[in-house]
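So you can see what is in the structure, the chains are spelled out below.
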Amino acid sequence: MPLSLAEMRRSYTLDGLQDDLTMDDPLVMFRQWMQQARETESAPVEANSMALATVDSAGRPHCRILLLKGFSDEGFTFFGHYQSDKGLQLASNPYAAMTFFWPSLERQVRIEGQVSRLASQLSDAYFDSRPLASRLGAWASPQSRPVASRAALESLLAETEQHFVGQTLPRPEHWGGYCLHPERLEFWQGRADRLHDRLDYRVQNGVWQRSRLAP
Ligand SMILES: Cc1cc2nc3c(=O)[nH]c(=O)nc-3n(C[C@H](O)[C@H](O)[C@H](O)COP(=O)(O)O)c2cc1C
């Protein structure tokens, strides 16, 4: 008999976060954790996948998995359809949160802040780097809108292919990148006996302030 969900319990013992060894710059810390996650997560797609939460104009939260496509001191970059549900939510409320979970390292990172659209040249550059099928998909798929059937979706793709035959595909205006500018980051490291480590970074007057939170 497999355990019930309520009986499932794992002890986290892989690592810990020591106050004196913890980095002052959360971006440096994120870079190190991401690097380690890329080495240890089983599929390469997993290290940069994260849950992105946005809030609609009625104050209701929505959450979905996305891929992080880059990060710098400026923020954390992802791509999608500007008229999708998440796109409309970000247009009415720019605050968002993203969460990474790296089970192989018993780690979680939470990031919160305001989101803005990427400069169009940056979206163009990323769009141009995508495989042809992904670029066609960005044109053909009205992300988050109902489609009559799988066949209807496939015929939208076929029409798009036909339309652009022999041409280079420009980035559609309705598709592009976003940057989440972090105001808060939290690093969570699982520890034994549920006494996990949580380090919280908040920006104050342009400087990151770090504190430890109770688990
Ligand atoms: C592993 C994985 C990666 C995904 N990556 C993206 C992505 O980078 N961009 C995107 O728009 N949707 C991505 N999706 C699909 C989203 O989860 C979601 O279905 C889509 O963005 C529509 O969400 P919305 O209706 O809330 O806008 C991904 C889904 C999974 C499971």
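Residues numbered from 1 in each chain as written. Predicted model: local features only at pLDDT ≥ 70, side-chain atom pairs only at ≥ 80, totals over all residues. Heavy atoms only, no water.

1. Some remarks on the packing of aromatic side chains
As a reminder, the rule being used: Only Phe, Tyr and Trp rings are paired, with Trp represented by its six-membered ring, and only when their centres lie within 6.5 Å; those with planes under 30 degrees apart are stacked, over 60 edge-to-face, the remainder tilted. Secondary structure counts use DSSP, requiring at least four H or I residues in a row for a helix and at least two E residues in a row for a strand, with both numbered from the N terminus. We call a residue buried when its accessible area falls under 20% of the maximum for its residue type, exposed when it is over 50%, and partly exposed in between, using a 1.4 Å probe and counting protein chains only.
On inspection of all chains with the given rule, the structure shows 16 aromatic pairs. Ring centres of Y82 and Y178 lie 5.1 Å apart, and the angle between their planes is 85°; on these two criteria the pair is classed as edge-to-face. In this pair, Y82 is assigned in the loop between β4 (75-81) and α3 (85-92) and Y178 in strand β7 (residues 175-189), connecting sequence segments 96 residues apart. Each member of the pair Y82 and Y178 is classed as buried.

2. Quick notes on the site of the ligand
Short version of the rule: The rule for a residue being near a molecule or strand is that one of its heavy atoms must lie within 4 Å of it. Each polar contact in these results corresponds to two N or O atoms within 3.5 Å; when the atoms are within protein, one needs to be able to donate a hydrogen and the other to accept it, and residues that are neighboring in sequence are counted only if both atoms are side-chain atoms. Exposure was quantified through the Shrake-Rupley algorithm and a 1.4 Å probe, taking into account, for residues, occlusion by the shown protein chains and nothing else. Each residue receives one of three labels: charged for Asp, Glu, Lys and Arg, nonpolar for Ala, Val, Leu, Ile, Met, Phe, Trp, Tyr, Cys and Pro, and polar for the others, Gly being one of them.
As a structural note, the neighbourhood of the ligand is formed by R64, I65, L66, L67, F79, G80, S84, D85, K86, Q143 and S144. Between L67 and the ligand, the recorded distance is 3.2 Å, taken from a backbone N or O atom to an oxygen atom. With respect to the ligand, the side chain of S84 contributes an N or O atom lying 3.3 Å from an oxygen atom. Considered on its own, the ligand offers 620 Å² of accessible surface; in the complex 62% of this is hidden by protein. When residues of the shell around the ligand are traced back to their parent elements, those giving at least two are β2 (61-67), β4 and α3. Take the shell around the ligand: its biggest share by element is four residues, from β2. Residue composition of the shell around the ligand, grouped by class: four nonpolar, four polar and three charged.

3. Focus: unusual backbone geometry
Unusually for a residue other than glycine, S144 sits at a positive phi of about 80°. Inspection of the secondary structure assignment puts S144 in the loop between α5 (132-140) and α6 (150-163). The class of S144 is partly exposed, set by a relative accessible area of 38%. Positive phi values are uncommon outside glycine, yet D193 reaches one of about 55°. Inspection of the secondary structure puts D193 in the loop between β7 and β8 (197-204).

4. Topic: the pairing of β4
Short version of the rule: A pair of strands counts as paired when DSSP detects no fewer than two bridges linking them.
With respect to burial, β4 is a largely interior element, seven of its seven residues being buried. Where strand β3 (residues 70-72) lies against β4, three bridges are found, and the strand directions are antiparallel. Bridged to G70 within β4 is T77. Between β3 and β4, which pair antiparallel and follow one another directly, the connecting turn spans two residues. Of the pairings in the sheet, the one linking β4 to β7 comprises six bridges and is antiparallel in character.

5. Things to note about α5
Using the following cut-off: Contacts are assigned to residue pairs with any non-hydrogen atoms lying within 4.5 Å of each other.
Those residues of α5 lying buried are R135, L136, A138 and A140. Where α5 is buried, its residues touch α4 (120-129), α6 and β7.

6. Brief notes about the packing of α5 against α6
Note the cut-off: Axes here mean lines fitted to C-alpha atoms, for a helix over just the part in contact, with angles spanning 0 to 180 degrees between N-to-C directions. The labels follow the angle: roughly parallel below 35 degrees, roughly antiparallel above 145, roughly perpendicular from 65 to 115, and oblique for the rest.
Remark: α5 packs on α6, axes separated minimally by 9 Å, with the N-to-C direction vectors making an angle of 110°. Judged on the interaxial angle alone, α6 and α5 are roughly perpendicular. Contacts between α5 and α6 involve L136, G137, W139 and A140 from the former and L156, L157, T160 and E161 from the latter. When grouped by side-chain class, the residues that make up the contact of α5 with α6 number five nonpolar, two polar and one charged.

7. Observations regarding the nonpolar core
What counts, and what does not: We define a nonpolar core as any set of buried Ala, Val, Leu, Ile, Met, Phe, Trp, Tyr and Cys residues linked to one another through side-chain atoms lying within 4.5 Å.
With 30 residues, the main nonpolar core has F30, F78, M98, F100, W102, I111 and F187 as its most contacted residues. When contributions to this core are tallied by element, the ones reaching two or more residues are α1 (26-40), β1 (49-55), β4, β5 (95-102), β6 (107-117), β7 and β8. If you tally residues by element for this core, the top one is α1, at six residues. Beyond its immediate stretch of four places on either side in the chain, M98 contacts M50, A51, L52, L68, F76, F78, V109, R110, I111 and L180. Of all hydrophobic cores here, the second largest spans ten residues; its members include A138, F164, W175 and C179.

8. Let's talk about the pattern of salt bridges
For side chains of opposite charge, pairing can occur when their charged atoms come near one another. Convention followed: Here, a salt bridge means any Lys or Arg side-chain nitrogen found within 4 Å of an Asp or Glu carboxyl oxygen.
In total, this model carries 15 salt bridges according to the counting rule given. Among the salt bridges present, the one from E186 reaches R110, with a minimum N-O distance of 3.5 Å. Linking E186 in strand β7 with R110 in strand β6, this pair joins segments that are 76 residues apart in sequence. In this structure, the salt-bridge partner of E112 is R184, at a minimum N-O distance of 3.7 Å. Linking E112 in strand β6 with R184 in strand β7, this pair joins segments that are 72 residues apart in sequence. Classification of E112 as partly exposed rests on a relative accessible area of 26%. One connected set of salt bridges, linked through shared partners, spans R110, E112, R184, E186, R198, D200 and R202.

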